[in-house]
Amino acid sequence: MTAEQNTVHNEELSVVDSLITESSTTQDEVARMCAGMILDGQLAVLQRQLHADFLKIPTSFQLPPNYTGLDASKPWLIYWPLHALEILDPDNQTDDILSRIGPSIMACLNELEGAFGGGNGQTAHLAATYASLNALAISRDEQVWSQINREGLYKWLMSVKLPDGGFSMHIGGEEDVRAVYCALASAALLNIITPELTEGTAEWISRCQTYEGGIGGAPGNEAHGGYAFCGLAALCILGNPVEMIPKYLDVDSFVHWLSARQYQPEGGFSGRTNKLVDGCYSWWVGGCWSILEGVLPWITSKDVLWSKADLQKYILYCCQSPRGGLRDKPGKSSDFYHSCYVLSGLSEVQHRYSFRPKLRESKSGEWSFMWTYELESPDIVIIDEQNVVGPLNPVHVLPAGVGERMHDFYAALGTLEL
């Protein structure tokens, strides 16, 4: 089958808008490129060692000068590659790498404010705090965990909690759904979720759902794949998702919007209406499907809502860089961010996640740790053993069992006097 035959952009299979724009031209180019790469038959091979070598760069070598633009993203440059390495192949981890996580992350702690900044001596920030705690969870270093001042961090979280129920990314910073998710995910790991911290937050998330059905960064904003995941996952931390999701979201409208995010012939997801596919949405949009399928039994990939098999093809054929690492789309360079979320999307494709409320006692802050997983059915997606990656927690975007272990460590210390 030729690329021309394989593309849906022809007169027989699709309706083509006669108005030609820069966006429509780029879309056609990407679609034709992907159609030419995705062939019938045997799946492409996941180049594990090539990707593992790429992912070890930030923790093993000094990064080149062009990374100075990410000076405020040090915790992310630790979390992204380590999470990707864990689900790619746990055997690729080394004690030497894991032992260096704690000191590197703790150097980003802003002791005056009580939370983590994007680098040494930088102001406390919710995104940096979320990435820092996720990296520390992966380290499994209980000695470092015991050094975290949970009381101080809780006070800082309350300082960025806003009267309308939302959160700002830092003191005086922007208010959006990312901030809500980062605050709640961090508090859940540390076992410091309280009614005071979460008051009005579910209602605020509900106001972020747009006329399209997706979730925007704030009330009135355009629906976006990243914000959609953050809002949905935050509801799964706030309470029993079986009750929280239908109560605070129009699920039918949300599902309709999610379904429109998968394109053909690419098989990948876009993050917004009329935007190109991007490998990172394999997780941001795909993670939404994982949560919905695990909570609401009527939503299943056996239906025509979306195709796991097509997403796996997009990841394996179009997102693997020949230089190592995963990328946005063909023609783009690989990076640690896309490697993290493309591989997370591959995990989402290959596993079915289920919410099991009887897994633990229903205490505040434990809802997001009540998930189990199993390999997906072969009648939904073919999983070759050389391509399978590890499972994860679909709410915290952490390797399965890692976040649970950190939460249990703090739960065992007893309730804080907050």
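The preceding data block contains the structure.
Throughout this document, residue positions are counted from 1 along each chain, in the order its sequence is written. Local features in this predicted model are restricted to residues of pLDDT 70 or higher, and side-chain atom pairs are both shown and tallied only at a pLDDT of 80 or more, whereas totals for entire chains, interfaces and linings draw on every residue. Side-chain measures here rest on the full set of heavy atoms in the structure, leaving out hydrogens and waters.

Colleague: Tell me about the pattern of salt bridges, and please be specific about residues and values.
Modeller: Any carboxyl oxygen of Asp or Glu within 4 Å of a side-chain nitrogen of Lys or Arg constitutes a salt bridge here. Applying the stated criterion across every chain yields a total of nine salt bridges. Across the pair Arg352 and Glu293 runs a salt bridge whose closest N-O atoms are separated by 3.8 Å. Remark: Glu293 occurs in helix H17 (residues 286–295) and Arg352 occurs in strand S3 (residues 351–355); sequence separation between them is 59 residues. A relative accessible area of 17% means that Arg352 is categorised as buried. By definition, any uninterrupted DSSP run of H or I lasting at least four residues is a helix, any uninterrupted run of E lasting at least two residues is a strand, and each is numbered from the N terminus. Partly exposed describes any residue whose relative accessible area lies between the buried limit of under 20% and the exposed limit of over 50%, with all areas from a 1.4 Å probe on protein chains only and scaled to the type maximum.

Colleague: I'd like a description of the packing of helix H13 (residues 225–238) against helix H14 (residues 241–248), backed by residues and values.
Modeller: Inter-axis angles, ranging from 0 to 180 degrees, are taken between N-to-C directions of lines fitted to C-alpha atoms, where helices are fitted over the stretch in contact. As a packed pair, H13 and H14 sit with axes 8 Å apart at the nearest point and diverge in direction by 130 degrees. It follows that H13 is oblique to H14 by the angle criterion. Crossing of H13 against H14: the hand is right-handed. Between H13 and H14, the contacting residues are Leu232, Leu235, Cys236 and Leu238 on the first element and Pro241, Met244, Ile245 and Tyr248 on the second. Taken together, the residues of the contact of H13 with H14 sort by class into eight nonpolar, no polar and no charged. Angular relationships are summarised with four words: roughly parallel below 35 degrees, roughly antiparallel beyond 145, roughly perpendicular across 65 to 115, and oblique for the angles in between. Here a crossing is taken to be left-handed if its near helix is turned anticlockwise relative to the far helix by less than a right angle, and right-handed if that turn runs clockwise. Whether two residues are in contact is decided by their heavy atoms, any of which lying within 4.5 Å being enough. When residues are grouped by polarity, Ala, Val, Leu, Ile, Met, Phe, Trp, Tyr, Cys and Pro land in nonpolar, Asp, Glu, Lys and Arg in charged, and all others, Gly among them, in polar.

Colleague: Lay out the packing of aromatic side chains in plain terms, naming residues and giving numbers.
Modeller: To describe a pair of aromatic rings, one takes the distance between the centres and the angle between the planes. We call Phe, Tyr and Trp rings a pair once their centres come within 6.5 Å, taking the six-membered ring for Trp, and we label the pair stacked below 30 degrees between planes, edge-to-face above 60, and tilted otherwise. What the rule picks out here adds up to 19 aromatic pairs. Plain terms: the ring middles of Phe229 and Trp284 are 5.6 Å apart, the flat faces sit at 55 degrees to each other, and that makes the pair tilted. Separated by 55 residues along the polypeptide, Phe229 in helix H13 and Trp284 in helix H16 (residues 281–284) bring together distant segments of the chain. The pair Phe229 / Trp284 is uniform in exposure class, with both members buried. Here the aromatic cluster, defined as three or more aromatic residues joined through ring pairs, consists of Trp76, Tyr79, Trp80, Tyr130, Tyr181, Phe229, Trp283, Trp284, Tyr337 and Tyr341.

Colleague: Can you explain the state of the cysteines? Please cite residues and give values.
Modeller: Only a pair of cysteine sulfur atoms within 2.5 Å qualifies as a disulfide here. Following the criterion strictly, the structure yields zero disulfides and no others. The cysteine Cys288 is free of any disulfide, with Cys230 supplying the nearest cysteine sulfur at 8.8 Å. The exposure class of Cys288 is buried, given its relative accessible area of 0%. Not part of a disulfide, Cys340 finds its nearest cysteine sulfur in Cys280, a span of 10 Å. Note on Cys340: relative accessible area 0%, which makes it buried.

Colleague: So, the environment of Asp335: which residues are in play, and what are the values?
Modeller: Mapped onto the elements of the fold, Asp335 is located in the loop between helix H18 (308–318) and helix H19 (336–350). Note: C-alpha distance between Asp335 and Pro81 (254 residues apart in sequence) is 9.3 Å. Every residue in contact with Asp335, bar those within four places of it in the chain, is listed here: Phe54 and Leu326.

Colleague: I'd love a proper account of the side chain of Lys308, names of residues and values included.
Modeller: Structurally, the position occupied by Lys308 is in helix H18. Lys308 sits in the buried class, given a relative accessible area of 2%. Under this definition, polar contacts are N or O atom pairs within 3.5 Å; protein pairs additionally need one hydrogen-donor-capable and one acceptor-capable atom, and for neighbouring residues in sequence, both atoms have to be side-chain atoms. Engagement of the side chain of Lys308 in a polar contact is seen with the side chain of Glu376, the distance being 2.8 Å.

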